[in-house]
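Below are the chains, spelled out letter by letter.
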Amino acid sequence: MKILVAVKRVIDYNVQIRVKSDSTGVETENVKMSMNPPDENAVEEALRIKESGKAEEVIAISIGEEKAQETIRTALAMGADRGIHVKATHDVEPLAVAKILQKIVEKEKPQIVLLGKQAIDDDSNQTGQMLSALLGWAQGTFASKIELEASAAIITREIDEGLEKVKLPFPIVATCDLRLNEPRYASLPNIMKAKKKPIDNYTSDELGIDVSPRVRQLKVTEPPKREKGVMVADVAELVQKLKHEAKVI
Amino acid sequence: MSVLVLAEHNNTEIKSSTLNTIGAASQIDQNIEVLLVGNSCEDLANKIVNIQNVNKVIVVDDPQYQNPIAENIAPIIISLANNYSHILAPATTFGKNILPRVAAILDIAQISDIIKVESKDTFVRPIYAGNALATVQSTDEKKIITVRPTSFEQAATEGGSGEVEKITFDLEKNIVEFVGREESKSDRPELGTARVVISGGRGLQSAENFSMLNAIADKLNAAVGASRAAVDAGYVGNDYQVGQTGKVVVPDLYIAVGISGAIQHLAGMKESKVIVAINKDEEAPIFNVADFGLCADLFEVLPKFSAELDKLNTIQK
Ligand SMILES: Cc1cc2nc3c(=O)[nH]c(=O)nc-3n(C[C@H](O)[C@H](O)[C@H](O)COP(=O)(O)OP(=O)(O)OC[C@H]3O[C@@H](n4cnc5c(N)ncnc54)[C@H](O)[C@@H]3O)c2cc1C
Ligand SMILES: Nc1ncnc2c1ncn2[C@@H]1O[C@H](COP(=O)(O)O)[C@@H](O)[C@H]1O
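Residues numbered from 1 in each chain as written. Chains lettered and ligands numbered in written order. Predicted model: local features only at pLDDT ≥ 70, side-chain atom pairs only at ≥ 80, totals over all residues. Heavy atoms only, no water.

K.L.:
How should I be thinking about unusual backbone geometry in this particular structure?
P.N.:
Excluding glycine, residues mostly have negative phi values, and the peptide bonds linking residues are mostly trans. Across the junction of Phe170(A) and Pro171(A), the peptide omega takes the value -5°, indicating a cis bond. Inspection of the secondary structure assignment puts Pro171(A) in the loop between strand S9 (162-169) and strand S10 (172-176). The backbone of Asp107(B) shows a phi angle near 60°, a positive value even though the residue is not glycine. Among the secondary structure elements, Asp107(B) is positioned in the loop between helix H4 (93-106) and strand S5 (111-114). (Helix = DSSP H or I, 4+ residues; strand = E, 2+ residues; numbered from the N terminus.)

Listed below in structure tokens is the structure:
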């Protein structure tokens, strides 16, 4: 069995986001970039499945500019066997990403495709569901546990009300929550080894997918700032203020 | 053409987030139809027709739709899509699970988690955990949208005069086996709609300590929330989590106890009307968004807070 893992390069989650003064987007120059956090969980889960003997190969794929290769290398350093880079010159929307992934799935024929539940830049939370629909496969979204049986996966999903379990026959798409596992760090020897692992390159044209944007970003602005309030000395003052000043209790 | 809203419900009650979604739909077009897919939900359909601006409720009532399985509900929406200019669902785990499937099959770029309707094709949505707001225009003919419930008023549940239309939809195949659900039951108000929310973080240190928040929640009729760190540590279930990858709350009063105020947590609560922060670290970023900050040890503060609220209640009585 093969596992395909989608990894996106995003601004690191620790970076203080700055909106560009001309309102065309957010500052990405000289900003630290990393693998989208839940995608690390997806890679980790794929590796654990492989290590348990249930899969033979883990392939990491990223769609984006040249530097998306770095994100693929990170996945390879964690332990993925090979990479696929689909080059694009601009941000590719979830629908087009899903179509590209569909093409790659048709070529590679994995039984499991793992994605993050959400990219922390666009916060779309769409790609895995779209891919699953395009493939006509079952989906296990927002997964915090994945248990494999011979011909199906039992997925524990985090939902607003608590937890839900579904049993999905292979092949499946799953989107991972941060609680799924604790991603490993790449060791130095593995980082060195990763440099020699192969990365296949494609362009969206070669795959026959139109990636032109469907959604026009008219402007990007800063959200309204909250004024810093006051510090209170003790609980009595806090309760008085909430009661008589803010009138919320 | 009209707007279709996918209803989230438990077969007897509609979830309040659907009322917010109908509220958002009303800003696009006053001609709204609701799709109700469930089992034994006829009574519910008869209630939904009374919601303001709802012209029609399309009901698919069948035991095979007892549970909201995305793979089974999406094809129903797709089969109806021709009749609508917009298809909306709440940006809850229910809506997020289903709607992108519809969008992909119809070849439409979904607009997720909108917080504002600018026009029929232009919407505002938060990106980067709410650190930026994007105004986006859809160029697709049909719009597929999920709606952040807390950003829109709920539609009134009375005053509408719609009709019920029953349809049947036979699943070609059902590949998903529903195994079960573990829902946390609580008598407290729902996190998403409570007027007061008290949330705890890693500072609470254990599940036992975390329950100290319950005493105060009960006195304030508050919902209890948590940071991701508190959920990860197992103090409470995932349904408590507030933030970028949890729930968004906009209560009148949000009390953050032992929470540092990471950007991903703020994403879920910084629109609250009044924010209180209790933290022993005066440098904690949560104080930058708090209206009232109390720099102190929470284990000393919480019992006193509870006692002060008792005093207040006795005075009121
Ligand atoms: C992709 C991604 C998504 C995320 N999504 C979310 C999300 O949705 N929601 C979320 O909350 N987080 C989220 N996080 C995690 C977030 O970055 C923080 O790690 C988390 O919010 C920290 O939780 P905390 O404030 O409880 O813990 P900490 O940061 O450890 O803070 C604990 C606080 O308690 C205080 N404290 C300790 N003891 C006491 C005491 N006795 N009295 C008073 N104060 C005390 C400390 O001073 C400290 O400020 C996400 C992270 C990533 C990478
Ligand atoms: N450009 C991309 N390259 C690789 N994976 C992606 C890309 N965009 C999205 N994904 C995957 O889809 C998930 C959800 O993204 P989104 O739907 O944008 O929130 C991410 O966590 C990734 O696993």
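Moving on from the coordinates now.
K.L.:
Would you explain the domain arrangement of chain B in this entry?
P.N.:
How large an interface is tends to be reported as the accessible area lost when its parts come together. All names here are of chain B. Here the domain parsing of chain B yields domain 1 (2-167) and domain 2 (196-316). A straight line from the C-alpha centre of domain 1 to that of domain 2 covers 32 Å. Contacts between the two partners involve 5 residues from domain 1 and, on the opposite side, 7 residues from domain 2. For the domain 1 face of the interface with domain 2, the top three residues by lost area are Ala129, Arg148 and Thr150, together amounting to 73%. Inspection of the domain 1/domain 2 interface yields 0 salt bridges. (Domains from an automatic or database assignment. Contact = heavy atoms within 4.5 Å. Buried area = accessible area lost by both parts, 1.4 Å probe. Salt bridge = Lys/Arg side-chain N within 4 Å of Asp/Glu carboxyl O.)

K.L.:
Is there a simple way to explain the pattern of salt bridges in this structure?
P.N.:
Close approach of charged atoms lets side chains of opposite charge pair. Scanning the entire structure with this criterion turns up 43 salt bridges over all chains. For Arg9(A), the salt bridge identified is with Glu70(A), shortest N-O distance 3.1 Å. Here Glu70(A) lies in helix H2 (residues 68-78) and Arg9(A) lies in strand S2 (residues 9-11), a separation of 61 residues in the sequence. Taking relative accessible area as the criterion, Arg9(A) reaches 15% and is therefore assigned buried. Judged by relative accessible area, Glu70(A) falls into the partly exposed class, the value being 45%. Each of the salt bridges in this network shares a partner with another, and the network as a whole consists of Arg157(A), Glu161(A), Glu164(A), Glu8(B), Lys15(B), Arg181(B), Glu183(B) and Lys185(B). (Buried < 20%, exposed > 50% of the residue type's maximum accessible area, 1.4 Å probe, protein only.)

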